[in-house]
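Chains, contacts and geometry: an overview
Residues per chain, in single letters:
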Amino acid sequence: MEIKLTVNAQLVTVEVEANLLLSALLRDRLRLTGTHVACDTSQCGACTVLVDGASAKSCTLLAAEAAGSSVVTIEGLAADGALHPMQQAFHEQHGLQCGFCTPGMVMSAVDLVAVNPDPSEAEIRAWLKGNICRCTGYQNIVKAIRAGAAALRSA
Amino acid sequence: MYSFAYYRPASLGEARALLGQIEEASLLAGGQTLIPTLKQRLASPDAVIDLKGIGALAAIERKGEALVIGALARHAAVAASPVVREAIPALAALADGIGDPQVRNRGTLGGSIANNDPAADYPAALLGLGATVTTCERSIPADNFFTGLFATDLEPDEIVTAVSFPIPRRAAYVKFPNPASRFAIVGVFVAETAAGVRVAVTGAAPCVFRLPPAEAALARAFAPESLDGLSIAADGLNSDIHAVAAYRAHLVAVMARRAVRQALA
Ligand SMILES: Cc1cc2nc3c(=O)[nH]c(=O)nc-3n(C[C@H](O)[C@H](O)[C@H](O)COP(=O)(O)OP(=O)(O)OC[C@H]3O[C@@H](n4cnc5c(N)ncnc54)[C@H](O)[C@@H]3O)c2cc1C
Ligand code: FES
Ligand code: FES
């Protein structure tokens, strides 16, 4: 079937099978490999993207379900060669080690700040229930999100 | 995933016509249960019928003394809805405690109750508030809707369209969540309603159930102390790697007292 959707502000028309996952469309067909797949069972959040502005696990979404929607991946955040403030904050606060979970963490954080521009540490930790990191122990991720939120408020 | 055809009907009539034509079709709402099931090849429908094109099914409105929530209302929408927070704050809080943000952004009320996972949260709210499920065919009281492990009174091709929740005088839901999934190891919904006190328990047994001794005690006096000495038999309760039956039985009484305290707060 042919579907049309917007990916990182570009209109895409693509032929997909009904059982193709959004994560596979992004990674394998559109070569947007910043969206990571780790557990592939809806647990870890590495595959998080924004669908019509709301964070979603792209391994638990059919590409067909996203037809007509606007999808933003980690590749869609930086503008004019400059990192998005949330990406910059992860960089500066050392919010990653291996980096595998990072695209999902950043997308989730961007969604959080959209609904809650000034989240407390407790609110950030509660929000990250859908994102698992095996390296950092979360301390610097939480710090990064606080810093990213502050940067976005003053932007 | 096995292959299947995908349809996104724009109306309930169109969805029902498709259900009539296709031998084995699965309804798709938020997909947070169905897609993992398809990925594990635990189901192999000929077609998936995505209900998300039927926008009217996502409405949330107050109708007199009831709160009517469409089957396609997402958990995040219920949690954030000013109408829900004002009419039944316990229901908004329950929705806000389901899974994680990504799951709440996709998962729906209709999908949750049609699935009737023994550890799901919404079934406790429906049973605890004495809600009524509306389908494209009929109305089903919550007391008759949940019939067993992953089983409901729904016919194979019956579509849930909405749930009507009578607005209680007060209510609260407290769960002991599985720390990984947030599903309820035990969750208790307590409500003081126009039709009396209702107490519903999820997570503990193969299917959500009411707790008549607790209801009777709370009808005499709606206070946590009324439940002192409440003892729940472990027979027939779930035992798994997360909690044995005797522990779940203990948790039911603890969560029930906490829920009453929270309802009074
Ligand atoms: C990581 C994770 C954590 C979770 N944690 C929790 C939790 O803490 N508490 C909790 O309660 N749930 C939890 N869930 C389950 C979640 O709430 C699901 O969203 C929900 O159970 C199913 O809703 P859905 O809209 O995604 O349904 P789908 O997956 O689309 O459908 C589920 C089933 O319902 C049927 N169906 C869907 N809509 C209708 C309808 N309108 N009429 C008739 N049949 C219909 C489908 O055919 C399918 O059989 C979790 C899920 C995940 C992945
Ligand atoms: S890869 Fe999607 S949640 Fe882990
Ligand atoms: S940085 Fe390695 S998993 Fe998070």
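Just above sits the structure.
These notes cover the structure that comes with them.

What counts and how
Sequence order sets the numbering: in each chain, residues are counted from 1 along the sequence as written. Here chains are named by letter from A upward and ligands by number from 1 upward, in the order in which they appear as written. Local features in this predicted model are restricted to residues of pLDDT 70 or higher, and side-chain atom pairs are both shown and tallied only at a pLDDT of 80 or more, whereas totals for entire chains, interfaces and linings draw on every residue. As a rule here, side-chain values cover all heavy atoms of the structure and leave hydrogens and water aside. The way it works is that DSSP assigns letters per residue, a run of H or I at least four long becomes a helix, a run of E at least two long becomes a strand, and they are numbered from the N terminus. Radius of gyration: C-alpha atoms only; globule rule: 2.2 Å multiplied by the number of residues to the exponent 0.38. Buried, partly exposed and exposed residues are distinguished by accessible area as a fraction of the type maximum, computed with a 1.4 Å probe on protein chains only: under 20%, between the cut-offs, and over 50%, respectively. To measure how exposed things are, a 1.4 Å probe is used in the Shrake-Rupley method; for residues, cover is taken only from the protein chains shown. We treat Lys and Arg as the positive residues and Asp and Glu as the negative residues; His and chain ends play no part in the count. We put the charge of a Lys on NZ, of an Arg on CZ, of an Asp on CG and of a Glu on CD. Note on contacts: a residue pair qualifies if any of its non-hydrogen atoms lie within 4.5 Å across the two residues. Buried area counts how much accessible surface, traced with a 1.4 Å probe, disappears from two parts once they are put together, with both parts' losses summed. One speaks of a salt bridge when a side-chain nitrogen belonging to Lys or Arg is within 4 Å of a carboxyl oxygen belonging to Asp or Glu. Counting of polar contacts relies on pairs of N or O atoms within 3.5 Å, with two restrictions inside protein: one atom must be capable of donating a hydrogen and the other of accepting it, and residues adjacent in sequence are counted only when both atoms are side-chain atoms. We call Asp, Glu, Lys and Arg charged. Ala, Val, Leu, Ile, Met, Phe, Trp, Tyr, Cys and Pro are nonpolar, and the rest, Gly among them, are polar. Think of a 1 Å grid over just the protein atoms. A cavity is a set of points where a 1.4 Å probe fits yet cannot get out, a pocket is an open set with protein on both sides within 12 Å along at least five of seven lines, and lining residues have an atom within 4 Å of a point. Grid points are joined across faces, edges and corners, and a volume is the space filled by probe spheres set on the points.

Let's talk about the overall build of chain A
For chain A, the helix and strand inventory stands at 5 helices and 5 strands. When its helices and strands are written in sequence order, chain A yields β-β-α-β-β-β-α-α-α-α. Against the compact-globule benchmark of 15 Å for 155 residues, chain A has a radius of gyration of 15 Å, which places it among compact chains. Seen through its C-alpha atoms, chain A measures out along the principal axes to roughly 45 × 30 × 25 Å. Per-residue burial for chain A yields a buried fraction of 52% across its 155 residues. Of the accessible surface of chain A, which amounts to about 6,700 Å², a share of 51% is contributed by carbon and sulfur atoms. The positive charge centre, built from 11 side chains, and the negative charge centre, built from 14, are 8 Å apart in chain A.

Considering the interface of chain B and chain A
Contacts between the two partners involve 25 residues from chain B and, on the opposite side, 27 residues from chain A. Roughly 2,000 Å² of surface becomes buried between chain B and chain A when both sides are summed, with 56% attributable to carbon and sulfur atoms. Connecting chain B to chain A are 4 salt bridges. One salt bridge in this structure joins E65(A) and K52(B), with 2.4 Å as the shortest N-O distance. Our count for the contact surface shared by chain B and chain A stands at 14 residue pairs in polar contact (both at pLDDT 80 or more). For the side of chain B that touches chain A, the element with the highest residue contribution is helix 6 (residues 101-106) of chain B, accounting for 5 residues. Split into classes, the residues belonging to the side of chain B that touches chain A amount to 11 nonpolar, 7 polar and 7 charged.

Describing the layout of surface pockets
Over the atoms, a rolled probe matching the size of one water molecule traces out where space is still vacant. Size it by volume and the second largest pocket reaches roughly 800 Å³. Lining of the second largest pocket is provided by 28 residues; of these, W127(A), A76(B), A79(B), D96(B) and R104(B) occupy positions nearest its centre. At the level of secondary structure, the elements contributing two or more residues to the lining of the second largest pocket comprise helix 3 (102-115) and helix 4 (121-127) of chain A together with helix 3 (75-80), helix 5 (89-96), helix 6 and strand 11 (170-177) of chain B. At 4 residues, helix 3 of chain B tops the list of elements feeding residues into the lining of the second largest pocket. Taken together, the residues of the lining of the second largest pocket sort by class into 14 nonpolar, 5 polar and 9 charged.

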